[in-house]
Amino acid sequence: MAPVGSEGGTRGRGSDRRRNSRPPSDERRSAWVLHFEKDQVRSGQRYAYRLNGGPERPDPAARWQPDGIHRPSAVLCLDDFHWTDAGWRGIPRKDLVFYELHVGTFTPEGTFDAIIPRLPALRELGVTAIEFMPVAQFSGTRNWGYDGVYPYAPQQSYGGPHGLQRLVDACHSHGLAAFLDVVYNHIGPEGSYLSDFGPYFTERYRTPWGVAINYDDRGSDEVRAFVCNNVRMWINDYHFDGLRLDAIHAIYDFSARHIVRDIKEAAEAAAKGRGYAAHIVAESDLNDVRVLLSRERGGYGLDAQWSDDFHHTAHTCLTGERQGYYLDYGQPEQLAKALTDTFVLDGGYSRSRDRSHGGSNAGLPGDRFVVCTQNHDQIGNRAAGDRLSTLLPPSAQRLVATLLLLAPYLPLLFMGEEYGETRPFQFFCSFGNPELIADVRTGRRREFEAFHKDGEVPDPQAEATFEASRLSWSWESDPHRSGLRLLYQDLLRARREWPALRDYVQRTARLLPTTDHVLELTRGKSGTDSQGTIRALFNLSEREQRIPDGGDEHFRWSSEAERYHGMRNPDRSDQTLLPYECLVFHEERQAYES
């Protein structure tokens, strides 16, 4: 394997993982180790590889792809950037409040640098961690990011490597942790040349996106090293506070040491000595805490995992939707279970799967789980990409926000939900291969037939689909939007200041037996040696509800307060729940200063 210096290069056809996934022969895997002296190569110098006299190929571990996925790679000198975050010490796990955003649609400019002026508003809101959807180089300029093909190269149309460094540095200067969503379960369908360089894929397993990455088949040692080195790069070279691992249930590895465990250990080693931890959070739909258990207990030792059961239960209870995987949810008592036991499906029968699913939460505290009421998948994986702001009335939007932020878990907000953004978040891409474009269009229609039998799915390749997904970033002139944002801000402050909301262990939830769909959540430890508990009552219905006397408790807060543009009059009795209202009571005579 010899480098080919170039300012241009040969444009090759993208390798669809479904069509070009067979591991190469031993002869094609042969390579030379290249060594460059820093003063011999300038930053930006283009280079490519020619394997055994074949065509030029970009570097699969390229740090920079300034000319796109098929062109030669560029040398990058990351040391040219001057970091200013030497005093940053990170955010403890229990204090994490995630804000998931897509770089391309968060601002009109769609760049790393354009996000920086908006960081103070997010800090003011009460967010503590920004979670960026994947930024690895993908085909074209429009993509969710889950079709990345150069895991080491930040997307050039977003601002490239130095733009990402500036953004992470700015996050730390504003007191915000920075998390990156990374994809280690598949490689995008266009522009990947990994198969030319080694056995990066295996035919043993199939993922929803094609052949699986080779973590346990012949030649997998270097594939595992490729991934673990990528983990170290994000933490060392870009100062990320943590990573979110996409869909680890689609990472197939039956070796004695699962690659997810290696990823966690690589992150720990990379963060050692810098003064703050590297949190590793996994998305998993298995409802299996092996992901979180310590290595001594046979687990992978990750810091937290996404738990979809909370979202699915809250969504179905308030919208009434029951299609697809929502078949398993929709009962109010399941919401009580989600608040106390984390997993609704913890070994019982799943109708959507037609089998038993899940396991116990093993008594783990709530700060080991991340929950949401909206995220990129749950919005984008709808025919029109519609948000809860278009599905629920204002009072129910306030209620669902209150459910999220009073829940005994780490909350995740999806960009714009804090002010009730009504613009959709749709699936979009900008592939170049006509056959692939046709496949994606057909696949999107088929994927959501179970959810939307009559609805049209926006064309994912159309630029209009991407443009429609940009945030409006406006709330000041709209009473409902400004009130909703204030509600988020107040509740996020309460999470910092109310002792009961900082207790992730002591919590109980139930449906009140003398009411119709009123959910009770109690948090905190009661007794003379405690700082008090709070009791939240959620009216899950559109009808007023009479509630029983709370005894020595004292009214503290309402989601329908006038400051949130709600319907509660100050003179109204606190023994009545308005439609979709949450009332919070405290056992001590303390007033919440709003």
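From a predicted model like this one, the values you see are computed outputs, not experimental measurements. Within each chain, residue numbers correspond to sequence positions counted from 1 in written order. Totals for whole chains, interfaces and linings use every residue, but because this is a predicted model, local features are given only for residues with pLDDT of at least 70 and side-chain atom pairs only at 80 or more, for both listing and counting. Calculation of side-chain values draws on the structure's entire complement of heavy atoms; hydrogens and water are dropped beforehand.

*Asks:* Sorry if this is basic, but what is going on with the packing of aromatic side chains here?
*Replies:* Note on aromatic pairs: each is described by the distance of the centres and the angle between the planes. In this analysis, rings of Phe, Tyr and Trp, with Trp reduced to its six-membered ring, are considered paired at centre separations within 6.5 Å, and the interplanar angle assigns stacked below 30 degrees, edge-to-face beyond 60, and tilted for intermediate values. Per the stated rule, a full pass over the model turns up 28 aromatic pairs. Relative to Y326, the ring of Y325 lies with its centre 5.0 Å away and its plane at 80°, an arrangement referred to as edge-to-face. We call a residue buried when its accessible area falls under 20% of the maximum for its residue type, exposed when it is over 50%, and partly exposed in between, using a 1.4 Å probe and counting protein chains only. In this structure Y326 comes out as buried when scored by relative accessible area, which is 2%. Judged by centre distance (5.4 Å) and plane angle (75°), the rings of W473 and W475 are edge-to-face. When its relative accessible area of 17% is taken as the criterion, W473 is described as buried. Three or more aromatic residues joined by ring pairs make a cluster, and in this case those are W144, Y146, F414, F425, F427, F428 and F466.

*Asks:* Please clarify how the environment of A48 should be interpreted in this entry.
*Replies:* What counts as a helix is a DSSP run of H or I of at least four residues, what counts as a strand is a run of E of at least two, and both are numbered from the N terminus. Tracing the backbone through its elements, the reader meets A48 in strand β2 (residues 46–50). Overall, the relative accessible area of 1% leaves A48 in the buried class. Here the alpha-carbon distance between A48 and D59, two residues 11 residues apart in the chain, equals 6.2 Å.

*Asks:* Even after reading the chapter, I still don't get unusual backbone geometry, so can you show me in this structure?
*Replies:* Of all residues except glycine, most have a negative phi; of all peptide bonds, most are trans. The phi dihedral of N52 falls on the positive side, at around 50°, and the residue is not glycine. Assignment of secondary structure puts N52 in the loop between β2 and β3 (56–57). The exposure class of N52 is exposed, given its relative accessible area of 51%. In the Ramachandran plot, N287 falls in the positive-phi region, its phi being about 50° despite a non-glycine side chain.

*Asks:* Would you explain the nonpolar core in this entry?
*Replies:* Nonpolar side chains tend to gather and get buried jointly when the protein is soluble and globular. The term nonpolar core refers to a set of buried residues drawn from Ala, Val, Leu, Ile, Met, Phe, Trp, Tyr and Cys, joined through side-chain atoms within 4.5 Å. By size, the foremost hydrophobic cluster in this structure holds 145 residues, and its most contacted members are Y99, I130, F132, Y184, W234, L245 and F538. Those residues in contact with F538, other than ones at most four positions away along the chain, are L399, T402, L403, L406, H517, V518, L519, L521, E581 and C582. In terms of nonpolar packing, the next biggest core, distinct from the first, is built from 16 residues, L96, V281, A304 and Y504 among them. Note on definitions: a residue-residue contact is assigned when non-hydrogen atoms from the two residues lie within 4.5 Å.

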